[in-house]
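Summary of structural features
Now for the letters of each chain:
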Amino acid sequence: MALRSGFVSIVGRPNAGKSTLLNALLGQKLAIVTHKPQTTRTRIQGVLELAVRKKAKGDPGRPAAQVILVDTPGVHKPETQLDKRMMQEVHDALETRDVVVFMVDATHRIHEEEAPRTDAEGRTVRTVGMQKRAMSRAEDDFALKVISRLEGPVVLALNKIDEVPRAALLPIIAHWSAKHNFAEVIPISAKKKEGLELLLDKVVRLLPEGQRYFPKDQLTDQPERFLVAEIIREKILMLTGEEVPYATAVVIESFEEPDTRKKGKDGKLPVTKINAAIYCERNGQKAILIGKQGAMLKQIGTSARKEIEGLLGTRVFLELFVKVQDEWRTSRSFVENLDWRRQLEQIAEKQQLDRSLAAAAAGVKLDEFDEQDESEGTDEYGTENDSDVEEE
Ligand SMILES: Nc1nc2c(ncn2[C@@H]2O[C@H](COP(=O)(O)OP(=O)(O)OP(=O)(O)O)[C@@H](O)[C@H]2O)c(=O)[nH]1
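As recorded in an unreviewed UniProt entry, the protein chain goes by GTPase Era and comes from Bryocella elongata. The record in UniProt for the protein chain states the following under Function (unreviewed entry): "An essential GTPase that binds both GDP and GTP, with rapid nucleotide exchange. Plays a role in 16S rRNA processing and 30S ribosomal subunit biogenesis and possibly also in cell cycle regulation and energy metabolism." What the UniProt record of the protein chain gives under Sequence similarities (unreviewed entry) is the line "Belongs to the TRAFAC class TrmE-Era-EngA-EngB-Septin-like GTPase superfamily. Era GTPase family."

Before going further, it helps to examine the nonpolar core. Grouped together as the largest cluster of nonpolar side chains are 84 residues, with contacts concentrated most on Val11, Val101, Ala157, Ala276 and Ile278. Both domain 1 (4–206) and domain 2 (224–384) contribute no fewer than three residues apiece to this core. Leave out the neighbours within four places in its chain, and alanine 157 touches Leu21, Val101, Phe102, Met103, Ile186, Ile188 and Leu199.

Moving on: the site of the ligand. The full set close to the ligand counts 24 residues, and Gly17, Ser19, Thr40, Gly74 and Lys191 are the nearest of them. A per-element tally of the shell around the ligand places helix H1 (residues 18–26) first, with 3 residues. Broken down by class, the residue content of the shell around the ligand amounts to 6 nonpolar, 13 polar and 5 charged.

The next point concerns the packing of helix H6 (residues 224–239) against helix H8 (residues 295–312). Put simply, H6 and H8 touch, their axes get as near as 9 Å, and they point 140° apart. Comparing the axis directions of H6 and H8 gives the class oblique. Seen along the crossing, H6 lies across H8 with a hand that is right-handed. Along the contact surface, H6 presents Glu224, Leu227, Val228, Ile231, Ile232, Lys235, Ile236 and Leu239, while H8 presents Met296, Gln299, Ile300, Ser303, Ala304, Glu307, Ile308, Leu311 and Leu312. The residue makeup of the contact of H6 with H8, split by class, is 12 nonpolar, 2 polar and 3 charged.

Attention now goes to the pairing of strand E7 (residues 154–159). Both faces of the sheet carry side chains from a regular strand, because those side chains alternate between them. Burial analysis of E7 places 6 of its 6 residues in the buried class, which makes it a mostly covered element. The alternating pattern of E7 places Val154, Leu156 and Leu158 on one face and Val155, Ala157 and Asn159 on the opposite face, and all of these are buried. Note: strand E4 (residues 99–105) against E7, 6 bridges, orientation parallel. By the bridge assignment, valine 104 is partnered in E7 with leucine 158. Remark: the E7/helix H4 (residues 166–179)/strand E8 (residues 184–187) crossover connection has right-handed handedness.

The next subject is the domain arrangement of the protein chain. In terms of domains, the protein chain is made up of domain 1 (4–206) and domain 2 (224–384). Averaged C-alpha coordinates put domain 1 and domain 2 at centres separated by 32 Å. With 10 residues of domain 1 at the interface, the matching set in domain 2 holds 15 residues. When the residues that make up the side of domain 1 that touches domain 2 are grouped by side-chain class, the tally is 2 nonpolar, 6 polar and 2 charged.

Parameters at a glance
The numbers attached to residues start from 1 for each chain and follow its sequence in the written order. In keeping with the model being predicted, local features are shown solely for residues with a pLDDT of at least 70 and side-chain atom pairs are shown and tallied solely at 80 or more, while totals for entire chains, interfaces and linings include all residues. UniProt positions are given in the numbering used here, feature names are shortened, and annotations may be inferred rather than shown by experiment. Core membership is restricted to buried Ala, Val, Leu, Ile, Met, Phe, Trp, Tyr and Cys residues, and these are joined into a nonpolar core through C-beta atoms within 7 Å. Three exposure classes are used, all based on how many other C-beta atoms lie within 10 Å of a residue's own C-beta (placed from the backbone): buried at 20 or more, exposed at 12 or fewer, and partly exposed between those limits. Residue ranges for the domains trace back to a domain assignment, done automatically or taken from a database. A pair of residues counts as a contact when their C-beta atoms, built from backbone coordinates, are separated by no more than 7 Å. Any residue whose C-beta atom, as set from the backbone, lies within 6 Å of a molecule or strand is reported as near that molecule or strand. Under the scheme used here, helices are H or I runs from DSSP no shorter than 4 residues and strands are E runs no shorter than 2 residues, and both carry numbers assigned from the N terminus. Basically, the charged four are Asp, Glu, Lys and Arg, the nonpolar ten are Ala, Val, Leu, Ile, Met, Phe, Trp, Tyr, Cys and Pro, and anything else, Gly included, counts as polar. In this description, a line fitted to the C-alpha atoms serves as the axis of each element, helices being fitted only across the stretch in contact, and the angle between N-to-C directions of two axes falls anywhere from 0 to 180 degrees. Angle categories are assigned with fixed cut-offs, so that under 35 degrees is roughly parallel, over 145 is roughly antiparallel, 65 to 115 is roughly perpendicular, and the rest are oblique. Take the far helix as the reference: if the near one is turned anticlockwise from it by less than a right angle, the crossing is left-handed, and if turned clockwise, right-handed. A pair of strands is labelled paired if DSSP reports no fewer than 2 bridges between them. With the strands pointing away from the viewer, any crossover whose connection runs clockwise from the first strand over the helix to the second is right-handed.

Next comes the structure, spelled out in structure tokens:
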């Protein structure tokens, strides 16, 4: 059987479980996951290599495949420049896909028929749960509209079935099957890893025959420094309250890798030195991010560092700074500069410039030319985290 290969975009409303599915299929954490909606801001590609599975009794087998899974931001109506950018990421992911996996949270349809109560004064009463589910249904419908315009196969992944009573599943499947002509409808639990093999089998069969897009052992197109920024953002999302997470962005300002990742003669792993800026929009948010005597920032740094050490396989010296950039989410240029692909271009340009300067002007101090990226109106607070790594 010839190799199948192609791009599979995972699309759906915020919090449906798209990043959880990406990580579960890859068997490795690539995308950050939290219970907060709109966690994912850019599309994330994960490369999944599948070996051929031979035909057997009751099993039609599966051809070898390279599946490029693309996790996307949750589909929502854009209000800020950041929202617009996130939706652009969804559209970009849809433009280049071979198959769409449309993901919905099945638990929100269990009470499809629930009618609001009327109180003694004749007022309509909806519980918070009812309101949430109604909103979620509206978001699903909005996301479905986005993919309905597309040609090509769409597989529906009904997620979170671990929380759906068996009897409720069939009506949910019937509901969705009537809404769109899906190539397949697969109930899954991304969290419990249920139904994922079947989902993969169906998706692979819909992929064209072709060559690999990435080398066999490559996991993602996203460089480590940006995975690091995402890990820091995840800790902020997890550790801070309602408002702050949405107003924060993390930019890696410097990332100094050691020459080797092997242990030294002293038996210690080498050190990666990372400097990251956490942007927020207001002084009040900055105060929350820093916490009493820097306690919150320290907690964010410590938990991020541990995970980054696991990712990089080195010790990590992580320095975090908090900066206030008024209303950055409404600034087109700021939001565009957050794009890791753009940052990568800027880093490459800067390295090129540094090399040319060094070659052309031996004896001239290069740091005189270092860009000062402290933009106007930016206020800064920094702390080193509680690292067991000493500055050398
Ligand atoms: N019970 C249950 N919870 C799940 C399942 N899959 C995901 N979740 C939870 O749903 C929440 C959202 O998961 P994410 O993977 O971040 O969702 P997402 O669709 O990527 O969210 P956005 O980034 O907002 O678009 C997290 O708390 C997950 O643990 C599942 O199969 N069952």
